[in-house]
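What follows is the residue order along each chain.
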Amino acid sequence: MAHNLVEAPFPPFPFTSRPVPIARDAFDFEQWRREPAGPVILKGTFADWPLFRSLKQCHTDDARLDYLSSTFGNNVVGYTRVPASDPFMGYDGSGKQNFKYAPASCTLSEFCALMRAALKDPDADVLYARGGANSVRTWPEFSRAIRPLDFLKGMTPNGEGVWLGNGRHVTYLHQDAHFNFFAMVTGVKRVLLYPLEAIADLYPTPFYGGIAGTTSSYVRPGAPDLAKFPRFANAAKDAWVAQIEEGDLLCLPPCWWHHVEAAPGVNLMINTFAWALPPRREFEFEVMMRKAVRAALGLGPEELARVRSHLDQRANGEGPVGASRSARVLSRRLSRFLQPDIPGYWRKIARCYYDHYIFQVNGHPVSAHPERHLAWARQEGVPKQRLRQWFRFTRGIAQMTWRRRRASGIVP
Ligand SMILES: O=C(O)CCC(=O)C(=O)O
C-alpha cells in the first residue's frame, strides 16, 4: 500500500495522525470486507461515471455549477447553511447542536445559483446539501449519471446520499453503524478517523443519541478544548487522516469515527452506507444495546464485573452462576452478539460498546454530560420511543427497497 501524503489547504490538526493507506493492485476487497482492519482509499474505481467524466472536463467552479444546474437542475435539494466565520456543524461549547440538518430546500438549479453567488463573496454563508436529505436514487438523472460498483455486489445499501456545497464546511465527529463509502467526485475533503476503541477519549454522546441518531462526539477536533476534554489528547495515538480528491473512494469499516472538512470551492461527494450485518440483525443489536444499557444502570459494579468476566470466559447463553436474574438476562443478551455466527469485526464492536456503555470500564460513558445518559435511559423506557425506533427502521428498509427498484445507485 502507498500513502496519501498530498498537501491540502487545511490547517494542521494540533496533533499528529497516521495517513490512510491507498490500495494498490494486489488489494483484495473481499478480504477487506470480511476483516476490515482499517480505512483504505481506492483510486479510479468510478472513472467511468458520466457524472465524474463531465465534471472533470469543467475547469472552473462556474463551469461545474453550469453543468450540475443544466443536467440535474429540477431535482429538489435539502440543505443547511452555516456562517463562513465558523462553518463547524456539531456541538457548541455548551453541548448544544449548533445547526439544523437540512432545514431549507429548493431546486438544484436554484441551489447552484446560491452557491455561485456565495463563491464570489468570502463572507457569504457556507451552504451544504447533506446526504441524509438527498438520496441518489430519488434524483433520476443523477442516478443515471453514475454506475454501480461491481465489487460492492452482495452488500445491502442502507442509504446513498449526495453531499454538495460551496466548500469549507466541517462535519462533527461521529460514527455510523454501517460500512461507509465516500466517492469524491469534485473537490477535496479531509477526513479525520478513529477506530471505535478510541471512544473513551472522544467524549461521546449517549449510545446512538447524538446528531442525526449517530453516536457523536462533543469535541471539536480542529480546536479541542483540552481543559474540558483532557482525554482527547490521548486520542492522537489512534488518529488517522485521509485527504480525498477527485476520483478517490474512501472505504470505512463500520463504526469508525469520522470528522469531515471540505476545501474551499465546489465540493461533491456521493456516499453509500452498507449494512454491516443483515439489517434485522443490526437492528436487533441496537434494540438489545438500548435495553442492556438501561438494565446495567440497575446493577451494582460487582455484579456487572461478574457478567463481564463471564462473557470473557465463556461467551455462552447462560449467565454467571448464582447471579441475580437481571444479571443473567443481561449476560444472555450480550452474549448473543459474541457468537461465532456474528462476523469478527462486529464482535469487536460489540465488546467495545459493552465495555464503554454497559460495564463502564472507561468511567462514566457520557462524561462530558452525565445527565444526558440518564435522560437518554429514561427516554428509552418509554414504549412510544421504542415504537418510533421500530417504525424508523421498518420505513428505512421499505424506502430503500422501493428506491432500489426504481433507480440504480452505487451498490449494484
Ligand atoms: O462529508 C461530510 O460532510 C459528512 C459525511 C458523513 O459524515 C457520512 O457520510 O457519514
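Predicted model, so just to flag it, every value in this text is computed and none were measured.

What counts, and at which threshold
- Sequence positions are assigned chain by chain, starting from 1 and proceeding in written order.
- Where totals are concerned, whole chains, interfaces and linings use all residues; where local detail is concerned, this predicted model gives features only for residues with pLDDT of at least 70, and gives and counts side-chain atom pairs only at 80 or more.
- For helices the rule is a DSSP run of H or I covering at least 4 residues; for strands it is a run of E covering at least 2, with both sets numbered from the N terminus onward.
- Note on burial: count the other C-beta atoms lying within 10 Å of the residue's C-beta; 20 or more is buried, 12 or fewer is exposed, in between is partly exposed, and C-beta positions come from the backbone.
- Here, residues touch in the contact sense if the C-beta positions derived from the backbone fall within 7 Å of one another.
- As used throughout, domain bounds are those supplied by an automatic or database domain assignment.
- Amino acids are sorted into nonpolar (Ala, Val, Leu, Ile, Met, Phe, Trp, Tyr, Cys and Pro), charged (Asp, Glu, Lys and Arg) and polar (every other residue, Gly among them).
- Throughout this description, a residue near a molecule or strand is one whose C-beta atom, derived from the backbone, lies within 6 Å of it.
- The pLDDT value tells you how sure the predictor is about a given residue, anywhere from 0 up to 100.
- Each nonpolar core reported here comprises buried Ala, Val, Leu, Ile, Met, Phe, Trp, Tyr and Cys residues connected via C-beta atoms within 7 Å.
- What the arc covers is the set of directions going from the helix axis to the C-beta atoms.
- Only the contacting stretch of a helix is used when fitting its axis, a line to C-alpha atoms as for every element, and angles between N-to-C directions run 0 to 180 degrees.
- Any angle from 65 to 115 degrees is called roughly perpendicular, while one under 35 is roughly parallel, one over 145 is roughly antiparallel, and all others are oblique.
- By the definition used in this description, the sense in which the near helix is turned from the far one sets the handedness, with an anticlockwise turn below a right angle giving left-handed and a clockwise turn giving right-handed.
- The criterion for strand pairing is that DSSP finds at least two bridges linking the strands in question.

Structural notes on the overall build of the protein chain
Point 1. Assigned secondary structure in the protein chain consists of twelve helices and 17 strands.
Point 2. Looking at the protein chain as a whole, 43% of its 412 residues qualify as buried.
Point 3. If you take every contact in the protein chain between residues at least 6 apart in sequence, the share linking residues at least 24 apart comes to 78%.

A few points about the domain arrangement of the protein chain
Point 1. Under the domain assignment used here, the protein chain contains domain 1 (2–276) and domain 2 (279–390).
Point 2. Contacts between domain 1 and domain 2 engage 23 residues on the former and 20 residues on the latter.
Point 3. In terms of residue class, the side of domain 1 that touches domain 2 is made up of 17 nonpolar, four polar and two charged.

Quick look at the site of the ligand
Point 1. The ligand sits among Gly131, Trp163, Thr171, Asp176, Asn180, His258, Val260, Met269 and Asn271.
Point 2. Looking at the shell around the ligand, the elements with two or more residues in it are β16 (257–262) and β17 (264–274).
Point 3. When its residues are assigned to classes, the shell around the ligand shows three nonpolar, five polar and one charged.

With respect to unusual backbone geometry
Point 1. With phi around 50°, Tyr203 is a residue other than glycine that occupies positive phi space.
Point 2. You can call Tyr203 buried: it has 24 C-beta atoms within 10 Å.
Point 3. One non-glycine residue, Gln360, lies in the positive phi region at around 55°.
Point 4. Locating Gln360 in the fold gives a position in the loop between α10 (344–358) and α11 (370–380).

Let's talk about the confidence of the model for the protein chain
Point 1. Looking at the protein chain, pLDDT values average 94 and 97% of them are 70 or higher.
Point 2. Between residues 2–6, whose pLDDT stays under 50, and residues either more than four places distant or in other chains, the model counts 14 contacts.

As for the nonpolar core
Point 1. The biggest cluster of nonpolar side chains holds 105 residues, and the ones touching the most others in it are Ala183, Val185, Leu202, Leu249 and Leu250.
Point 2. Per-element tally for this core: the top contributor is α10, with seven residues.
Point 3. Here this core gathers at least three residues from each of two domains, domain 1 (2–276) and domain 2 (279–390).
Point 4. Setting aside anything within four residues of it in sequence, one finds Ala183 in contact with Phe46, Leu249, Met269, Ile270, Asn271 and Ile410.

Some details on helix α9 (residues 325–335)
Point 1. Looking only at α9, the buried set comprises Ala327, Leu330, Ser331 and Leu334. Burial along α9 is one-sided: seen end-on, the buried residues are contained in an arc of 100°.
Point 2. Buried residues along α9 sit against α7 (279–297), α8 (301–313) and α10.

Side note on the packing of α7 against α9
Point 1. Contact geometry for α7 and α9: axes closest at 10 Å, N-to-C directions at 150°. Between α7 and α9, the angle falls in the class roughly antiparallel. Viewed along their axes, α7 and α9 form a crossing whose handedness is left-handed. Residues Met288, Lys291, Ala292, Ala295 and Ala296 of α7 pack against Ser326, Leu330, Arg333 and Leu334 of α9.
Point 2. Across the contact of α7 with α9, the residue classes break down as six nonpolar, one polar and two charged.

Points about the pairing of β16
Point 1. In terms of burial, β16 is largely enclosed, as six of its six residues are buried.
Point 2. Pairing of strand β12 (residues 189–194) with β16, which is carried by six bridges, proceeds in the antiparallel orientation. Bridge pairing in β16 links Lys189 to Ala262.

Section: the pairing of strand β10 (residues 170–175)
Point 1. Buried residues dominate β10, accounting for six of its six residues.
Point 2. Across four bridges, β10 lies against β16 in antiparallel orientation. The residue bridging Gln175 from the neighbouring strand is Trp257, located in β16.
Point 3. The sheet contact formed by β10 and strand β13 (residues 215–216) spans two bridges and is antiparallel. Bridged to Gln175 within β13 is Thr215.

Points about the environment of His169
Point 1. Mapped onto the elements, His169 comes out in the loop between β9 (157–167) and β10.
Point 2. Not counting the four nearest positions on each side in its chain, His169 is found in contact with Val82, Pro87, Met89, Val126, Tyr128 and Ala262.

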